[in-house]
Amino acid sequence: RLSCNEQSMATNYPEAFKPQSYMTSTNDKKALLSLIQGSEGIVWSESHTGWSFDSPIPHCQWSGITCRIGLNGGAEQSVITVIRLPNGGLSGTIPTELGLLSGLEELTLKGNLLRGSIPREVAGLKNLHTLDLTDCLLTGTLPQIFESPNLEKLLLGENGIQGKFFHEDTSPHLQSVKEVNLEKNLLTGTLHGSTLLKMQQLETLSLSENEISGVIPGKALGSLSNLQYLYLDANNLVGPLTAQLAQEGKAQLLELWLQSNSLSGTVPSSFVRFDKLHDFFIDGNKLTGALPPDICGPNINSDFFTEVPSDAERNYCDSIACPAGSVALEGVFPCSQCIGGDVAKRKNPYLGHKGECENWSQREILIMFYASTSKNGAWTGVNDWNDESKGMCELTGIRCDGHGNVVKIDLRNRNLTGSIPDSLGFLPYLEQLDVSDNALTGYLPSDLRWTPLTTLDISGNEIVGVVPPLLCLKEELNGNGKDNIFRCNRVSCPLGTFNAIGRYEEGLNCKPCYDDHPFIGQKTCKQRHDLNGKFHWMEKDVETVRNSTQNLNTSGRVGLGIALSFLGIALLKCAIARCVKQNPRRMYEQQKMINYVDESSSEDSHDEDYGEYMDDEEDENTQSHFRESRYRNDVSNHSEDESDESEDEVLVNGIPHSPIEGSISSGRSAPVQCTDFIRGQQERSISKQGGFKKATKRAQQAIRSSVTNITNGAGRLIQNNASFGDSRMNDLQDEPFGSDLEMANSVGRGVECNSSQGEDFNHRGGSPASSGRSYRSESKVEQWKYSDLLDVPTIE
């Protein structure tokens, strides 16, 4: 039965209703009709040609459908290649049945009322070249893998999609995609340089108005010679603008939008290479200095100033961002100078400052701090910060110097809620700030770099993102700058790690945490071990030993070590004795034990010294101890070329460095041998009964050696912290900076890439250093190289 619309179509277009000479697929029709959901879907279908199971119109002639004819077993068969139904009032979810349309090349459903997530089946379509789901009501997590190696347009903007930008650098779509639009979503996390490097065909990347944090991977983006449009505005990006974003011969950008972030540093002079750039916005950041004059010109941002009278004198640099010491409604031309000269510039140091000139007193800053950190009500304890009758230096938690200037704020465990305001960074005499153990959220403001802070404690809160790089470079802050070493983890343990004080100190390292809390500065961890890994019983025991010995003196630790050694020997001897006393029938069930012991004895030299790094060809039993992936950490096997091409290596003198060092203790593999020897006996048998005594004797010798190694290894682990596997490092590889930032500041201070034994890890989870050597610049004329991580100078 034809609907009224179909009857009219049959009258006017009779050819469309003639039987077809090729086969049609019932499954294809069912897949299409899965888009019709509920009463609203029925109403929609009645206003579109075809779109009914009983319709005599072939589905290839339905509204919005395009097919091609292919062969199937010698017979012609229609293959659906295009579904194009934009702004049509479709409602419901994206059906998984669309994944059955294996020949589909374009799926455009933008502007419809589609809810839910993008089905895995749709992401798995292997011939897709266009996926346009812009301006729907989609939620869920962004699929990390799209299976089509032909995907060119991925348009998912203006939805509520969560998760991280692509970090699976093996996804087939990366090498073909030309346009990615994910603007106005809820994406978090950081941008992965290793993923971006694979997107060599990329022409447009729009990530505006998300919640992406971390630094801009300038080296990776700058290597994309086809990239013309880059929109990263209105996120939570920090760190410097990288000179490598404008690489010689590859700088093809036409539009670059970076406004409304928290970027710091200056605008690199290398940006003059963008000779075709016509839109460039950086207002609303924390950038300082002056714009390189050669960047400014009459064509820059000209399309945003069409209403300016032709006879008006427009400052071309002001069209990019107002200079320091001035403000504007939008941060760009026309700009107004702040009153006060150099003092005004110190209080308004940023380019492209929006709104009004700032000239706060210390008391006004404290009032703003109280308002920003009491969102859920007053603080606990004495609450007098809003008491105007009290002097500033009389407020609870405030200490002033002899001149009445605030030098210390101590508000630990006071139930502060909200976020730390940027204005706090303009307290000119603040030396100590402790807001630990509260319920603060948001990001750590980079403005704190303007204060003379020497002590900062933000641990035990719910602060997200990363430590701003220029704050990491603040000399004397929590011991930073000693021996020219600067570490972000001295300010706060990074996301995915924790320790008792929430930041690194000598002998107290940030350890991995698997509870997926997206906070920095964690003091506790609900899941300290990767439940998907193996042999974590040993790590748990070592962790218990470490925790129980933190407060022991030296003699106490020695005594505990001796006691544990004897206990371990007794337990292992009992286990061996139990093995020996097995009845004869079970003795023949031990097939591989002799071979195993022979192999163990031949590998003692490798396994005993656990400071030697694991080889790719290593035996499977030992590899299983390292969770899901092996370390990629033989420093000697890294060539300079490989290091230079790595997006995330920190290089000094051409040598890749990671702060994992000495963390692999000499007895770490021995428990694996002992465990496999004891627990694996039920799976192994002895080929010759007479060889059992010999095997047992050799096993006892191996175990005695292993017990020594266990004791030594436990001691090292107590001192140095246990290392952890590559799988967790990969989870954190592009989480900003990892926990170790080793760099020099802009005035040319030398860098020491030194990592205390086993202390923490870098952003990549890369190669452990082979020793505790330091590499420090002794000459001011050394060549500078921009690090792949932050694009700030390091000594080469």
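Residues numbered from 1 in each chain as written. Predicted model: local features only at pLDDT ≥ 70, side-chain atom pairs only at ≥ 80, totals over all residues. Heavy atoms only, no water.

A. Fine view of the overall build of the protein. If you tally the helices and strands in the protein, you get 19 helices and 30 strands. Counting across all 796 residues of the protein, residues that qualify as buried make up 53%. Long-range contacts, defined as pairs at least 24 residues apart, comprise 61% of the intrachain contacts of the protein with a sequence gap of at least 6. (Helix = DSSP H or I, 4+ residues; strand = E, 2+ residues; numbered from the N terminus. Buried < 20%, exposed > 50% of the residue type's maximum accessible area, 1.4 Å probe, protein only. Contact = heavy atoms within 4.5 Å.)

B. Representation of helix α8 (residues 362–372) within the structure. Among the residues of α8, Gln 362, Arg 363, Ile 365, Leu 366, Phe 369, Tyr 370 and Ser 372 are the ones counted as buried. Tucked inside the fold, the buried residues of α8 contact β19 (398–400), β20 (406–410) and β21 (417–419).

C. Quick look at the state of the cysteines. Within this structure, the stated rule accounts for 8 disulfides. Each disulfide pairs two cysteine sulfurs, and for Cys 322 the partner residue is Cys 335, the sulfurs being separated by 2.0 Å. Judged by the sign of its S-S torsion, about -85 degrees, the bond between Cys 322 and Cys 335 is left-handed. Taken together, the residues Cys 322 in the loop between β16 (286–287) and β17 (326–327) and Cys 335 in the loop between β17 and β18 (336–337) connect sequence positions 13 residues apart. Using a relative accessible area of 25% as the deciding quantity, one classes Cys 335 as partly exposed. (Disulfide = S-S within 2.5 Å.)

D. Molecular detail of the pairing of β20. The pairing of β19 with β20 spans 3 bridges and is antiparallel. Across the sheet, residue Ile 398 finds its bridge partner in β20, namely Ile 409. Between β19 and β20, which pair antiparallel and follow one another directly, the connecting turn spans 5 residues, one of which, Gly 404, has a positive phi of 80 degrees. As paired strands, β20 and strand β22 (residues 432–434) are joined by 3 bridges and run parallel to one another. The residue of β22 that forms the bridge with Lys 408 is Gln 432. (Pairing = 2+ DSSP bridges.)

E. Fine view of the sheet that holds β22. One open sheet accounts for 4 strands, arranged β19-β20-β22-β24; its pairing is mixed. Every other strand in the sheet has two partners, leaving β19 and β24 (455–457) as the edge strands with one partner each. Each adjacent strand pair in this sheet contributes to an overall mean axis angle of 15 degrees, direction not counted. (Axes fitted to C-alpha atoms, helices over the stretch in contact; angles between N-to-C directions.)

F. Region of interest: the sheet that holds β16. Across the sheet, 4 strands lie side by side as β10-β12-β14-β16; this open sheet has parallel pairing. Among the strands making up the open sheet, the edge pair consists of β10 (213–214) and β16. With 2 bridges joining them, strand β14 (residues 262–265) and β16 adopt parallel strand pairing. Within the sheet, the bridge partner assigned to Ser 264 lies in β16 and is Lys 286.

G. Focus on the packing of aromatic side chains. Inspection of the entire model under this criterion finds 18 aromatic pairs. Here the aromatic cluster, defined as three or more aromatic residues joined through ring pairs, consists of Tyr 231, Trp 257, Phe 281 and Phe 304. We note Lys 29 situated over the ring of Phe 53; from NZ or CZ to the ring centre the distance is 5.6 Å. Positioned above the aromatic ring of Tyr 504, the side-chain terminus of Arg 487 is 5.4 Å from the ring centre. (Phe/Tyr/Trp six-rings, centres within 6.5 Å; stacked < 30°, edge-to-face > 60°. Lys NZ or Arg CZ within 6 Å of the ring centre and 35° of its normal.)

H. Focus on the pattern of salt bridges. Taken as a whole and judged by the stated rule, the model has 11 salt bridges. Lys 286 is the salt-bridge partner of Asp 447, the closest N and O atoms lying 3.2 Å from each other. With Asp 447 in the loop between β23 (439–441) and β24 and Lys 286 in strand β16, this pair connects stretches of sequence that are 161 residues apart. Accessibility assignment for this pair places Asp 447 and Lys 286 in one class, buried. Between Asp 437 and Lys 523 there is a salt bridge, and its shortest N-O distance comes to 3.1 Å. Highlighted residues: Asp 437 in the loop between β22 and β23 and Lys 523 in the loop between β26 (511–512) and α10 (536–549), separated in sequence by 86 residues. Judged by its relative accessible area of 32%, Asp 437 is partly exposed. (Salt bridge = Lys/Arg side-chain N within 4 Å of Asp/Glu carboxyl O.)

I. Geometry of the side chain of Ser 374. Along the chain, the position of Ser 374 falls in the loop between α8 and β19. Taking relative accessible area as the criterion, Ser 374 reaches 16% and is therefore assigned buried.

J. Local environment of the environment of Asn 376. Take Asn 376: it is sitting in the loop between α8 and β19. Separated by 39 residues in sequence, Asn 376 and Asn 415 have C-alpha atoms that sit 9.1 Å apart.

K. How the structure looks around unusual backbone geometry. The omega torsion of the bond from Phe 333 to Pro 334 falls at 0 degrees, within 30 degrees of zero and hence cis. Mapping Pro 334 onto the fold places it in the loop between β17 and β18. We note that Ser 260 has phi near 60 degrees; this positive angle belongs to a residue other than glycine. Tracing the backbone shows Ser 260 in the loop between β13 (255–257) and β14. Of note, Asn 415 is a non-glycine position whose phi angle comes to about 60 degrees, a positive value. Within the secondary structure, Asn 415 is located in the loop between β20 and β21. Residue classification places Asn 415 among the partly exposed positions, given a relative accessible area of 38%.

Remember that the coordinates give geometry; whether it matters functionally is a separate question.
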